[in-house]
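Chain residues, written in single-letter form:
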Amino acid sequence: MSHDGVGLRAVMRSVAFLTAGALAVPLLTACSEQDQAGKPVAGQDIAPATRDRIADGGTLRWAVDAVPETLNTFQADADATTSRVAGAVLPSMYRLDANGRPRVDTAYLESAKVAEREPKQVVLYKLNQQAVWSDGREIGAADFAAQWRALSGKDSAYWTARNAGYDRIEKIERGAGDLEVKVTFSRPYADWKSLFSPLYPKDVMGTPDTFNDGARRKLKVTAGPFALKKVDREDGKVTLARNPRWWGRPTKLSEIVLRAVPRDERAAALADGKLDLAEIDPADARRITRVTGAKGSAPLQGPGAELTPAKALRSWALAHGSDEEAAGEEISAREKRRAAMAEYAGRQSALRGFVVRKSLEPAYTQLAMNGSEGPLADERVRRAVARALDREELAKVVLEPLGLPAVPVGSHLALAGQGAYADNSGALGGQDTAEARALLADAGWVPGGPVKEQKKAEEAAGSEGEGADSRQGSGESSGEGSGEGSGEGSGESSGEGSEGGSDDGTYIVGEDDKPAEADREKKKDPKDHSGKQYGRNEAQGAKHGGAPGAYAPKGTAAPAGAAAALAKDGKPLTLRFVVPTGAGSESLRAVADRVSRMLERVGIRTEINRVPDDSYFKDHIASGDYDLALYSWPASAFPATDARPIYSKPVPAADGSLTVEQNYTRVGTDQVDQLFDQAIATLDEEEARSLVRKADARIWAAAGSIPLYQRPQLTAARTNLANTGAFGFQTPVYEDMGFLKKGAQGAPRAEKKDK
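I will try to describe carefully the structure that is included in this document.

About the criteria used
Residues numbered from 1 in each chain as written. Predicted model: local features only at pLDDT ≥ 70, side-chain atom pairs only at ≥ 80, totals over all residues. Heavy atoms only, no water. Phe/Tyr/Trp six-rings, centres within 6.5 Å; stacked < 30°, edge-to-face > 60°. Helix = DSSP H or I, 4+ residues; strand = E, 2+ residues; numbered from the N terminus. Buried < 20%, exposed > 50% of the residue type's maximum accessible area, 1.4 Å probe, protein only. Lys NZ or Arg CZ within 6 Å of the ring centre and 35° of its normal. Arc of directions from axis to C-beta. Salt bridge = Lys/Arg side-chain N within 4 Å of Asp/Glu carboxyl O. Contact = heavy atoms within 4.5 Å. Pairing = 2+ DSSP bridges. Axes fitted to C-alpha atoms, helices over the stretch in contact; angles between N-to-C directions. Polar contact = N/O pair within 3.5 Å; in protein donor to acceptor, adjacent residues only side chain to side chain.

**Re the packing of aromatic side chains**
And then number 1: Counted by the stated rule, this structure contains 19 aromatic pairs.
And then number 2: A centroid spacing of 5.6 Å and a plane angle of 85 degrees characterise the contact between tyrosine 108 and tryptophan 247, whose relative ring orientation is edge-to-face. Note that tyrosine 108 is positioned in the loop between strand E3 (102-104) and strand E4 (109-116) and tryptophan 247 in the loop between strand E9 (237-242) and strand E10 (255-260), a separation of 139 residues in sequence.
And then number 3: Exposure remark for tyrosine 108: the relative accessible area of 3% places this residue in the buried category.
And then number 4: Relative to phenylalanine 196, the ring of phenylalanine 144 lies with its centre 4.6 Å away and its plane at 45 degrees, an arrangement referred to as tilted. Residue phenylalanine 144 is found in helix H4 (residues 141-151), and its partner phenylalanine 196 is found in the loop between strand E7 (180-185) and helix H5 (202-205); the two are separated by 52 residues along the sequence. Per residue, the accessibility class of phenylalanine 144 equals that of phenylalanine 196, and both read buried.
And then number 5: Over the ring of tryptophan 62 we find arginine 84, and its NZ or CZ is 4.1 Å from the ring centre.

Here's what the structure looks like:
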């Protein structure tokens, strides 16, 4: 996840949508507005320390998912690491504060304001007179103008991924002096603060060739506290070094090394001394917390944890028995186990030098409903699904075991603390089983009814349904508690802690390397919602990760509270719930199981379709091959710009295809589109907030997606690292990061209160 200022935009990438992200309101102007926005649900956890307590020098080794394919955040294959590099080495006119709101970055900008509103909007930037590029040239209007021309969309030779905002600029010129930049807009643009963050030098933006290729592998000219020293693809590292021309507060660290380390290898890399800072999964967080915070004797974990006294006795008997072949095999297994236990113990000891810093990411997980066809094309059915959900319970599944506040998200367009936030879930209503059943009845779905087609399909399917679980009131226990306990038992027996983790947002749109391919999707024939059932024996259960016997046999009575199955026109109401199978998605699957049980109570059955990680988003979400799915969106500080493609009404094209942009639920209304258009065109900040909130209320009412919870952010950091960790909303201050001086202590953990 990117936290590099409004560089969040590079992460929210998808064919048609890559714009800056945040509302154009730096300050709240009314008490009622402030009350609605509230404060972040969880504060940042970065071990703050004053600069005099931090040593000069040192190298911070920081885990990233991959070495970036490009260093140009405005290209389609930019990723979170691209934004992290840009945040450290390039100017940004605005960066995000702890509440996720844009603030002037005084290292580059003395002030910025709307100087004129009529006849056209004019924004006047006054630059910091000390701000210079690493080649000694002053940052100025020429750089602003070059970036505008490259991103305006007028020259197709520039391979840009987005141009929102830049396409509204009419001209850019020098102001009263060299330090003033005057930007004139052809149309009003409320989110003007999203622009020029980051700002590239004219050397990069000046021509299509330098834009397309010049900044993919190197950045010769920079202007941040750090400069790009080296990109080593073979060794998987990006090295940043102090910028000798930096005019701001002196940078504490000598270097930052961004090292590509897969999530499931990070605990081992931390223990082996290869990393100092890394975002980790919950299983690894529990592992570190257990070794650093446990008092007295902690339960045995890792290799050998599953060895009960009975198993140990049997092992001894085999090793000392008369069967020489069996004895040899057992002796070899015991030796391997002892070696693995020793290695695990050594790594556990090394992990004592780390602490887990935790907060909530500026991103939320949602339940998406495909409203293009089938039962969910009926708004009443979508609303029934929403009213069946206990969102607080679902949030607890993921967040409570981590010690994080389990507060359901109340907006599609902002998170608590951000200027545009307001809890608009009341437009749809809370959990109400009776209301959900009434909505389904009104839509024609009634208990019982002929389901002969389903039974025939079930008999014919037999064991062909690999990867599909049908929730037909069987009361499966495979997902129960997996959000709370994954990784606590045998899940960590390898010693790496990689298998029990649950980065529930493995499928944040734009944060994986799977490009969205649904900008223009061909309409398909309506899918079969007859709810094919698949037999499952013990071997199949084990194959898909369940214990033998975990799946109830056909005919088992429905659990208490499950409603009678609903049917309409001879077909049962069964929804295909697509979930990923990856090791980092345990809590997604746990939430899916809870959702399925909640839907059973109102008569909706779900068919769980487990699919490989590499096809989950591309082949199912983006292409529309699902009924229900769980994935996440990053929060934007400029929702009027960034969220419109996510919720805009799909538009039929002349060739019969459907342009959905990023609206993968295929649910939209003209009213929502109009409210977005009005919000982006008003320069009255309070009115813009009001329009965004009205749009959100209508999105709730349409029930295309249901926000559930903010994603957990867990970061392992060396205990002597200061001013870094779980940043929450705030942009990292790279020049203040560093290692504490010997004997120095950082400030105690406490959430900063807003002034």
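Here the narrative resumes, following the displayed structure.
**Topic: helix H12 (residues 391-399)**
And then number 1: Those residues of H12 not exposed but buried are Arg391, Leu394, Ala395, Val397, Val398 and Leu399. Buried residues of H12, seen end-on, are gathered within an arc of 165 degrees and therefore sit on one face of the element.

**Observations concerning the pattern of salt bridges**
Side chains that differ in charge, positive against negative, can pair when their charged atoms come close.
And then number 1: By the definition in use, this model includes 32 salt bridges.
And then number 2: Among the ionic pairs, arginine 103 bridges to aspartate 97, the shortest N-O distance being 3.0 Å.
And then number 3: Note that arginine 576 and aspartate 625 form a salt bridge whose closest N and O atoms lie 3.4 Å from each other. With arginine 576 in strand E18 (residues 574-580) and aspartate 625 in the loop between helix H18 (613-621) and strand E20 (628-634), this pair connects stretches of sequence that are 49 residues apart.
And then number 4: You can call arginine 576 buried: its relative accessible area is 15%.
And then number 5: For aspartate 625, a relative accessible area of 27% corresponds to the partly exposed category.
And then number 6: In this structure, a network of salt bridges that share partners links the residues Arg51, Arg249, Glu735 and Asp736.

**A few points about the side chain of asparagine 243**
And then number 1: You can see asparagine 243 is positioned in the loop between E9 and E10.
And then number 2: We classify asparagine 243 as buried; its relative accessible area is 6%.
And then number 3: The residues touching asparagine 243, leaving out its near neighbours within four places in the chain, are Ser134, Ala223, Gly224, Pro225, Phe226 and Ala227.

**Considerations on the sheet that holds strand E6 (residues 169-174)**
And then number 1: In space, the four strands of this open sheet follow the order E4-E5-E7-E6, with antiparallel pairing throughout. Sheet topology places E4 and E6 at the edges, where each strand pairs with a single neighbour. Each strand of the sheet is rotated relative to its neighbour by a mean of 15 degrees, with strand direction disregarded.
And then number 2: The pairing of strand E5 (residues 122-127) with E7 spans five bridges and is classified as antiparallel.

**Structural notes on the sheet that holds strand E13 (residues 446-447)**
And then number 1: Spatial ordering of the open sheet is given by E13-E16-E17, a layout of three strands whose pairing is antiparallel. Single-partner strands in this sheet number two, and they are E13 and strand E17 (571-572).
And then number 2: Of the pairings in the sheet, the one linking E13 to strand E16 (residues 566-568) comprises two bridges and is antiparallel in character. When the sheet's bridge partners are listed, valine 446 is paired in E16 with alanine 567.

**Brief notes about unusual backbone geometry**
And then number 1: Following glutamate 118, the chain continues to proline 119 via a peptide bond in cis, the omega torsion being -5 degrees.
And then number 2: Along the polypeptide, proline 119 turns up in the loop between E4 and E5.
And then number 3: Each neighbour pair has its own omega, and for serine 197 with proline 198 the value is 5 degrees, a cis peptide bond.
And then number 4: Structurally, proline 198 is set in the loop between E7 and H5.

**Considerations on the environment of glutamate 170**
And then number 1: In this structure, glutamate 170 sits in strand E6.
And then number 2: In this structure the C-alpha to C-alpha distance between glutamate 170 and serine 152, which are 18 residues apart in sequence, comes to 9.5 Å.
And then number 3: If we skip the residues at most four places from it in the chain, glutamate 170 touches Lys120, Trp148, Thr184, Phe185 and Ser186.

**Things to note about helix H13 (residues 433-442)**
And then number 1: Where H13 is concerned, the buried positions are Ala436, Leu439 and Leu440. End-on view of H13: buried residues confined to an arc of 100 degrees, all on one side of the axis. Within H13, the exposed residues directed more than 90 degrees away from the buried face are Ala434 and Asp442.
And then number 2: If you follow the buried residues of H13, they end up packed against helix H11 (379-388) and E16.
And then number 3: The opening residue of H13, the one whose side-chain oxygen lies 3.2 Å from the backbone nitrogen of alanine 434, is aspartate 432.
And then number 4: The positive-phi residue at the C-terminal boundary of H13 is glycine 444, with phi of around 95 degrees.

**Some remarks on the pairing of E7**
Two faces make up the sheet, and in a regular strand the side chains alternate between them.
And then number 1: For E7, the buried fraction is high: five of the six residues fall into the buried class.
And then number 2: As paired strands, E6 and E7 are joined by five bridges and run antiparallel to one another. Its bridge partner being in E7, isoleucine 172 is matched across the sheet by valine 183.
And then number 3: Two successive antiparallel strands, E6 and E7, enclose a turn made up of five residues.

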